[in-house]
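The primary structure of each chain is shown beneath.
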Amino acid sequence: MSTRSKEWRSSGKRIGFVPTMGFLHDGHMSLVRRAVEDCDIAVVSIFVNPAQFGKGEDFEKYPRDLTGDANKIKGAGGHYIFAPKAGDLYPPFYYTYVNVETITDKLCGLSRPGHFRGVATIVAKLFNIVKPNKAYFGQKDYQQLLVIKKMVEDLNMDVEVVGMPTIREADGLAMSSRNSYLSHSEREQAVCLFNSLQLANKLLAQGEIAAENIKKEIHRLIASRKDARIDYISLCHPHSLEELTSIDGEVLAALAVFIGKTRLIDNMLLSKSTPQ
Ligand code: AMP
C-alpha cells in the first residue's frame, strides 16, 4: 500500500482515503463516492481495529463481508482496497499509541475507555501508510470526527479531513453496520434515537433553553421503548463537548442507547433556528 501511495503521490495524483471497519452500507458509500469525485485515486481501508474495542465488546462478532464490500467499492468507482491483517499493523512488541486528550473524556469516551486512543492510533497509522491528500469521515461518529481533526491539527499532519453528513434509513435510523444485530422488534424501537433528536429540535424551536428539561423529555421518550436502555444523553458544546445547562447558540445533541444488547449512537447539530 505504502509503495503504491508513494508512486501515486510522486506522479502528482491526489489520494482520497476512506477508513472503515467494513460491512459497508450507504453511509460508508457516500464517503467513497465523494472521494472518487474529489480525487484521482480513492482508497478504502477495511480493518476491524482491535485497539478500539474494549473487553466484552463486539470485536469478535463484528460483521464482516470482504467480498460484498469489494463489489460495492468497485461499483462506486473506488480504486484500491487496503485490508491489512491485525498482526501486520500491531506486530509483537508494539508500544506506540496516540492519545488526544480532554475531548475524549466525554460522551462515548466515558463509556468506552481507551476507545478513542485506539481510533486515533489506527487512523494515524493508516494516514502514514496511505498518505492521503484528503480523508473522509462521517458526522454520524461526531466525536470521532472531532478527535481526528484535533489530532491532525495538533500533530501537524498534512491531510485535509472532510466531514460528511449522516445517511439515514427511510424512518430516520442512522445507517450503521451494527444495525445488522437488531431483531425485527429491536429495529422498530431503534428509531427512538432519531426521534429523540427530532424532539430536542422541536423543543428548542419552541423556545425551551434548559438542557435539563430537554433531556427529561428525551428520557421519557426512550424509557417508553421496552428494550431501550440509555447510556448517555448529551447536549453539549459542538467544539469542547462540555455539557451545556442552557442553550443559546449551536448545540450538539448526542446520545448512545442500548437496544437490547446493541449499543447505537446518533447526533445532530441543532440551534433554535434549525428547520424542523
Ligand atoms: P465504521 O466502519 O463504522 O468505522 O465507519 C467508517 C466511516 O463511515 C466513519 O467515518 C463513519 O463515521 C462513517 N459512517 C458510518 N455510518 C455512517 C452514516 N450512516 N452516514 C455517514 N457516514 C457514516
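Residues numbered from 1 in each chain as written. Predicted model: local features only at pLDDT ≥ 70, side-chain atom pairs only at ≥ 80, totals over all residues. Heavy atoms only, no water.

An unreviewed UniProt entry annotates the protein chain as Pantothenate synthetase originating from Tectimicrobiota bacterium. Per UniProt, the protein chain has the following entry under Catalytic activity (unreviewed entry): "(R)-pantoate + beta-alanine + ATP = (R)-pantothenate + AMP + diphosphate + H(+)". Check the Sequence similarities (unreviewed entry) section of the UniProt entry for the protein chain; it says "Belongs to the pantothenate synthetase family." (UniProt positions renumbered as here; feature names shortened; annotations may be inferred.)

So, the site of the ligand: which residues are in play, and what are the values?
As a structural note, the neighbourhood of the ligand is formed by 17 residues, with Met 21, His 28, Asp 141, Ile 167 and Met 175 the closest of them. One nitrogen or oxygen atom from the main chain of Gly 138 is found 2.9 Å from an oxygen atom belonging to the ligand. For the ligand, a nitrogen atom lies 2.9 Å from a polar atom in the backbone of Met 175. If you list the elements that add at least two residues to the shell around the ligand, you get strand 1 (15–20), helix 2 (26–38) and strand 4 (134–138). Broken down by element, the residue count for the shell around the ligand peaks at three residues, all from helix 2. (Near = heavy atom within 4 Å. Polar contact = N/O pair within 3.5 Å; in protein donor to acceptor, adjacent residues only side chain to side chain. Helix = DSSP H or I, 4+ residues; strand = E, 2+ residues; numbered from the N terminus.)

Account for the environment of Val 123, with residues named and values stated.
Its location among the elements puts Val 123 in helix 6 (residues 115–130). Through-space distance from the C-alpha of Val 123 to that of Val 98 is 9.4 Å; in sequence the pair is 25 residues apart.

Account for the packing of helix 9 (residues 192–205) against helix 10 (residues 211–223), naming residues and giving values.
Remark: helix 9 packs on helix 10, axes separated minimally by 10 Å, with the N-to-C direction vectors making an angle of 150°. Between helix 9 and helix 10, the crossing angle belongs to the class labelled roughly antiparallel. Judged by the sense of rotation from one axis to the other, the crossing of helix 9 with helix 10 is right-handed. Here helix 9 contributes Cys 192, Asn 195, Ser 196, Leu 199, Ala 200, Leu 203 and Leu 204 to the contact with helix 10, which in turn contributes Ile 214, Glu 217, Ile 218, Leu 221 and Ile 222. Broken down by class, the residue content of the contact of helix 9 with helix 10 amounts to nine nonpolar, two polar and one charged. (Axes fitted to C-alpha atoms, helices over the stretch in contact; angles between N-to-C directions. Parallel < 35°, antiparallel > 145°, perpendicular 65-115°, else oblique. Left-handed = near helix turned anticlockwise from the far one by under 90°. Contact = heavy atoms within 4.5 Å. Nonpolar A, V, L, I, M, F, W, Y, C, P; charged D, E, K, R; others polar.)

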